[in-house]
Amino acid sequence: MINVVKRFVPEAVKKYYKKMFFKPSYLGDKYFCPVCKTAVAYFQRLSDYYFERFDKHQFIHSIFAMETFNILNHSCPACGVSDRDRLYALYFTNRFNTLDKSKKHTFIDFAPEPSLGMFIKSHSFLEYRSADLFMEEVNDRVDIADMTVYEDNSADIFLCSHILEHVENDRKATCELYRILKGGGFGIVMAPILLTLKEVYENPRITSEADRWKHFGQNDHVRMYSKEGFVSRLGDAGFKVYQLGIDYFGADVFERHGIHPRSVLYVVEK
Ligand SMILES: [Zn+2]
């Protein structure tokens, strides 16, 4: 009988019944992903890939001193987004409520995360554009330190997440972000921040992948930010910088969405 089912029932029908009767094991009530809007039993811890690299290259810092980084409740088992992406979705959900929905607001998503991109695009009052220097399927091919494709004051909102630590001239990049943002617009700018550093750690002699793992925590990072250094570079570009943490979002909200209590969202305005 089983062989008969295997042979004659179409794949699509089998998949449909499988989905109906076998719910994914990650579903549950404990947590909620605001990006894919799924109630889940857990978030997945950071991949062993990183721990193995940190160990192999003898990373000189502790990842437990990073500001917004939930190592134990890291990625959503349903859509894959990280804790920081969930933090952005929480903020956008609040902030979008304040927008005039009768207008279209230009949103530029740099180095887009696919699931978060879907979440952003689902808002009909946004004119969504994805942008990156290397990714194939983006709307705009852009060097963030020289964004000739965008005019001054052309974006209402942007998201620049974990890009500046890859960019040689991050000051030029933040000035470009300031230039393209409309007055009254806002953006989210995030980068890895190590709370034990007093100032930004850069060293142009550190160029090999092994050394970058060792000093900056990833093969293609060119610096490690201190909190003060990160904020002051954003301010130097002209931005008003707002730091939104657990007091803004609430401890219950952080817990429910798998955000670490010491996480801070950097919102910039022009
Ligand atoms: Zn999700």
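Preceding this section is the structure that the text describes.
Residues numbered from 1 in each chain as written. Predicted model: local features only at pLDDT ≥ 70, side-chain atom pairs only at ≥ 80, totals over all residues. Heavy atoms only, no water.

## Remarks on the environment of F92
Within the fold, F92 resides in helix α4 (residues 83-96). We classify F92 as buried; its relative accessible area is 0%. Residues F92 and I120, 28 residues apart in the sequence, show an inter-C-alpha distance of 8.4 Å. Not counting chain neighbours up to four residues away, the residues in contact with F92 comprise F107, F119, I120, I157, L159, F186 and I188. (Helix = DSSP H or I, 4+ residues; strand = E, 2+ residues; numbered from the N terminus. Buried < 20%, exposed > 50% of the residue type's maximum accessible area, 1.4 Å probe, protein only. Contact = heavy atoms within 4.5 Å.)

## A few points about the coordination of the zinc ion
The zinc ion binds to the protein through C33 (SG), C36 (SG), C76 (SG) and C79 (SG); the donor distances cover 2.3 Å. Between the four donor atoms coordinating the zinc ion, the angles at the centre fall across 106 to 112°, so the site counts as tetrahedral. According to the relative accessible area criterion, C36 is partly exposed, its value standing at 28%. (Donors = N, O, S within 2.8 Å, 3.2 Å for Na, K, Ca; no water. Tetrahedral: all angles 85-135°; square planar, octahedral: opposite > 155°, others 65-115°.)

## Let's talk about the sheet that holds strand β11 (residues 265-269)
Two pairing modes exist for strands in a sheet, parallel and antiparallel, and in both the strands are linked by backbone hydrogen bonds. Read from one edge to the other, the open sheet built from seven strands follows the order β5-β4-β3-β6-β7-β11-β10, with strand pairing classed as mixed. Strands with a single pairing partner mark the edges of an open sheet, and in this sheet they are β5 (140-141) and β10 (240-244). Where strand β3 (residues 105-110) and strand β4 (residues 126-132) come together, six bridges link them in parallel fashion. Bridged to H105 within β4 is L126. (Pairing = 2+ DSSP bridges.)

## Considerations on the nonpolar core
In this structure, F92, F110, F158 and L265 are the most contacted members of the largest nonpolar core, which totals 63 residues. No other element matches α4, which puts seven residues into this core. Ignoring anything within four residues of it in the chain, the contact list for F110 reads A131, V142, I144, M147, Y150, F158, L159, C160, I163, L177 and I180. Core analysis: the second largest hydrophobic core is formed by 14 residues, A65, I206, W213 and M224 among them. (Core = buried A, V, L, I, M, F, W, Y, C linked by side-chain atoms within 4.5 Å.)

## Brief notes about helix α3 (residues 48-56)
Given 3.6 residues per turn, any residue in an α-helix points the same way as the ones three and four places further on. The opening residue of α3, the one whose side-chain oxygen lies 3.0 Å from the backbone nitrogen of Y49, is S47. Directly beyond the C-terminal end of α3, a positive phi value near 55° is found at Q58. (Polar contact = N/O pair within 3.5 Å; in protein donor to acceptor, adjacent residues only side chain to side chain.)

## Concerning the packing of helix α6 (residues 170-180) against helix α8 (residues 227-236)
Viewed as axis vectors pointing N to C, α6 and α8 meet at an angle of 50°, and their least axial separation amounts to 8 Å. Relative to α8, α6 is oriented oblique. Classified by chirality, the crossing of α8 by α6 is right-handed. Contacts between α6 and α8 involve D170, R171 and T174 on the former and, on the latter, R233, L234 and D236. (Axes fitted to C-alpha atoms, helices over the stretch in contact; angles between N-to-C directions. Parallel < 35°, antiparallel > 145°, perpendicular 65-115°, else oblique. Left-handed = near helix turned anticlockwise from the far one by under 90°.)

## As for the pairing of β4
Buried residues dominate β4, accounting for five of its seven residues. Handedness of the β-α-β unit built from β3, helix α5 (residues 114-121) and β4 comes out right-handed. Direction of pairing for β4 relative to β5: parallel, over a ladder of two bridges. Opposite A131, over in β5, you have D140 as the bridge partner. (Right-handed = clockwise from strand over helix to strand, strands pointing away.)

## Re the environment of L244
Relative to the assigned elements, L244 resides in strand β10. Residue L244 is classed as buried on the basis of its relative accessible area of 13%. Sequence separation between L244 and D143 is 101 residues, and the spatial gap between their C-alpha atoms is 28 Å. L244 has contacts with Y91, F249, S263, V264, L265 and V267, leaving out every residue within four places of it along the chain.

## Here we look at the side chain of H221
The residue H221 is located in the loop between α7 (209-216) and β9 (223-224) in this model. Overall, H221 belongs to the buried group, its relative accessible area being 6%. Setting aside residues no more than four positions away along its own chain, H221 makes contact with E165, H166, P192, R212 and F216.

Read these as layout, nothing more, since geometry by itself doesn't imply function.
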